Each structure stands twice: as C-alpha cells, then as structure tokens.
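Read off the chains here:
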Amino acid sequence: MMTISLCMIVKNEEKVLARCLDSLADIMDEIIIVDTGSTDNTKEIASKYTDKIYDFEWTGSFADARNFASAKAKMDYIYTADADEYLEEEDRNHLINLKKVLMPEIEIVQMIYCTPANLSTVYNFEEEYRPKLYKRVRSFKWIDPIHETLRIDPVVYDSDIRVQHRPQSKHTSRDIAALEKISQNGKLSKKLHHMYAMELFRSGTDDEFIRAIPAFTATMGQDGRSMDEVKEAICVLARAYRIKGDIPEFLGYALKDAVSESTSEVCCELGKYYESVGDIEEAAIWYRNALTETECILDKRCGEEIPQEGLARCGAKT
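Just so it is clear, the model here is predicted, and its values are computed rather than measured.

What counts and what doesn't
- Residues numbered from 1 in each chain as written.
- Predicted model: local features only at pLDDT ≥ 70, side-chain atom pairs only at ≥ 80, totals over all residues.
- Heavy atoms only, no water.
- 1 Å grid on protein atoms, 1.4 Å probe; cavity = no way out; pocket = protein on both sides within 12 Å on 5 of 7 lines; lining within 4 Å.
- Points joined across faces, edges and corners; volume = space filled by probe spheres on them.
- Nonpolar A, V, L, I, M, F, W, Y, C, P; charged D, E, K, R; others polar.
- Phe/Tyr/Trp six-rings, centres within 6.5 Å; stacked < 30°, edge-to-face > 60°.
- Helix = DSSP H or I, 4+ residues; strand = E, 2+ residues; numbered from the N terminus.
- Buried < 20%, exposed > 50% of the residue type's maximum accessible area, 1.4 Å probe, protein only.
- Lys NZ or Arg CZ within 6 Å of the ring centre and 35° of its normal.
- Axes fitted to C-alpha atoms, helices over the stretch in contact; angles between N-to-C directions.
- Parallel < 35°, antiparallel > 145°, perpendicular 65-115°, else oblique.
- Left-handed = near helix turned anticlockwise from the far one by under 90°.
- Contact = heavy atoms within 4.5 Å.
- Salt bridge = Lys/Arg side-chain N within 4 Å of Asp/Glu carboxyl O.

Participant: With reference to specific residues and values, describe empty space enclosed by the protein.
Facilitator: Any empty space left between the atoms is revealed when a probe the size of a water molecule rolls over them. By the definition in use, this model includes one cavity of 30 Å³ or more. Among the residues making up the lining of the largest cavity, the classes are represented as four nonpolar, two polar and one charged.

Participant: Talk me through the packing of aromatic side chains; I want residue IDs and the actual numbers.
Facilitator: For any two aromatic rings, the description comes down to two numbers: the centre-to-centre distance and the angle of the planes. Taken as a whole, this structure holds eight aromatic pairs when the rule is applied. Both rings, one in phenylalanine 56 and one in phenylalanine 68, keep their centres 5.1 Å apart while their planes meet at 40°; by these two values the pair is tilted. On the criterion of sequence distance, the pair formed by phenylalanine 56 in the loop between strand 3 (53–55) and helix 3 (62–71) and phenylalanine 68 in helix 3 is long-range, its members being twelve residues apart. Phenylalanine 56 gets classed as buried once you look at its relative accessible area, which sits at 15%. Through pairs of rings, three or more aromatic residues link up here, namely Tyr54, Phe56 and Phe68. Positioned above the aromatic ring of tyrosine 253 is the side chain of lysine 256, whose terminal nitrogen or guanidinium carbon lies 5.0 Å from the ring centre.

Participant: Before we move on, can you summarise the packing of helix 9 (residues 227–244) against helix 11 (residues 264–276) with the specific residues and values?
Facilitator: Helix 11 packs onto helix 9 with a crossing angle of 15° between their chain directions and a minimal axis gap of 9 Å. Of the possible angle classes, the one that applies to helix 9 and helix 11 is roughly parallel. Crossing of helix 9 against helix 11: the hand is left-handed. Along the contact surface, helix 9 presents Ile234, Cys235, Ala238, Arg239 and Arg242, while helix 11 presents Glu265, Val266, Glu269, Lys272 and Tyr273. Counted by class, the contact of helix 9 with helix 11 contains five nonpolar, no polar and five charged residues.

Participant: Explain the packing of helix 6 (residues 190–203) against helix 9 residue by residue, including any values.
Facilitator: Packing of helix 6 against helix 9 leaves a shortest axis separation of 10 Å and a crossing angle of 30°. One way to sum up the angle between helix 6 and helix 9 is to call them roughly parallel. Helix-helix and strand crossings are classified by hand; for helix 6 and helix 9 the assignment is left-handed. Contacts from Lys190, His193, His194, Ala197, Leu200 and Phe201 in helix 6 reach Glu229, Glu232, Ala233, Cys235, Val236 and Arg239 in helix 9. Taken together, the residues that form the contact of helix 6 with helix 9 break down as six nonpolar, two polar and four charged.

Participant: Go over the pattern of salt bridges with me, naming the residues and quoting the values.
Facilitator: Using the criterion set out here, one finds 20 salt bridges in the structure. Where salt bridges share partners, they join Arg239, Arg242, Glu269 and Lys272 into one cluster.

Participant: Go over unusual backbone geometry with me, naming the residues and quoting the values.
Facilitator: Even without a glycine there, the phi angle at asparagine 12 is positive, about 50°. Along the chain, asparagine 12 turns up in the loop between strand 1 (4–10) and helix 1 (17–24). The partly exposed category is assigned to asparagine 12, whose relative accessible area is 34%.

Right, here's the structure in full:
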C-alpha cells in the first residue's frame, strides 16, 4: 500500500484548519505544515496533529512555499490541501480505498474540486478536476522501439473523490494585489493574464479595474500575445475606462471588440453606458446582444443574469 505525505501551507487559518485536518489526518502517513506568518492560533492547532511544523518567510510566491513543503516530504505520494478544504465521509472512504489499490504507474491523481458559486472569486463553474495527489519522486522511462525518447507526459488518473472547498472569506484583494505586482515586474504569463482578467470581472472593485489599465494596455502592444489575451485585455480596458469616465477610450475599446467576434462582457459594458446616459432603447439592444448574440470569455454572468437584469431595468424605464 502506498504512503502519503500531507503538505499544507497556512497563514491565520485557526477557524478552518481543524476541520481540514480532522477529515484527512488518519489517512495520511505524515503531515507537514508550513506556516507563512500566522498571528493567530494556527500553529497551536496544527501541533495537535503533527510535530512537523515549519516557518517559511513569505516571498510573495505560493509556488515557493509549496516547493518548500514538498521538499520536506518522505512518503510515496504528496497530497496538497488548503486549510479551507475538507473531505466528506464518503470521499474519505474513497481516498482510503484508493490508497490501497492505486497502481504505482499513476503519477497524478485528480479530484473534483467543489466550490459553491457564491464563494468563487474566479471560476465560472462550481466543479472542476484538479491535481491533488502526486508522486513525490517521478521515474523516467524510455519509450518507442525506434527513435526512442523519454516519456515526459505524466500518467494521470481522474478519481471520483470530491474535495469540498468552503473559504471563510474571499481572498480577492490579496490575489489581485499579487497579480498587480507581478504585472508591474514583467510580462504576465498567458495563464496569469487570464486569471487576472477573470478575477477582476468576478470580484474586482472599480479602483482595481483602473489600476489594471497599465497591465492590460501593455498586452495590446506586446508581441506574441494570442487573440484570446487581446480579447481579455479589451474586456478589462473597456470596463476600466467606462468606470473612469473616459468615454472616448471606452468606445474605442468597444469598437476593437466589435472588429472580431464580440464578447458578452463588452456588450454588457455598452448596455451599462447607454443606460447611464438615459438612452434606454440603445441599452436594451446591447443587453440583448449580450444575452443572445455573443459569448462570454471571462464571466458567465455577462451572458446570463447581468443582461437579464439590465433588460428588466430597461423595461421598467420605458
């Protein structure tokens, strides 16, 4: 039977840490807790479950902290968990059974990550597969009988284990601040570009949109950016300039959106703009376009409740 190291990075998680560890501790062969600067009782709670508690000076990178935690692990596999996650009893049993039968060829086990829509700050879906369990030491093998090469793609197993994610509070401001800082220090990767734009549309404040203008303006002039990234930047900049009250820039980006396949996000921005200036008939056209004629790329609400609510307001004003 394979063995598992639970590796966690924590900070000020006294309200949820015991719930997480109660659901996992008896399944794990060792528990490693890396604290990045707690000022509450997080470390005291962790000490009830393990003596492998380490301090890590925060570098601004979650990857650095996770790599530090993983380096402490000794078991066959590493299970990564955040303090606001837990397993329900049925899924605990699934993990116990998986531990008994998992073939050593499997290098990554994905689990179904479940976040209620009202608690999500980024994603447009409530369930998705995420890698949660992975082999600590990966072996490399030669494949193909001729022109042989090393197999570099991991062997992944999609399990039916459901991980419940119930954050006590949203980390929107923290995450957006981190993305702002990264964008100021260099070019955002395609993944972080998408995450930044999604987080803004799902949870960003007006000030956070305005502060994002330099980062997404840079996208428009950077070589190598995909059309998807350009469209994301257009959506962010259209909203940011509408919020800012710079209507020429706002309409300019709205026109850029229309040059290619229009997005529901920008149609909603046009609906909000025309509604704000009292042109209810024009506003209704753009809300209808958002609802029925276009697709959303960042926030599914822009193709559903936002234009529906806009059309309802427009109907009430006519």
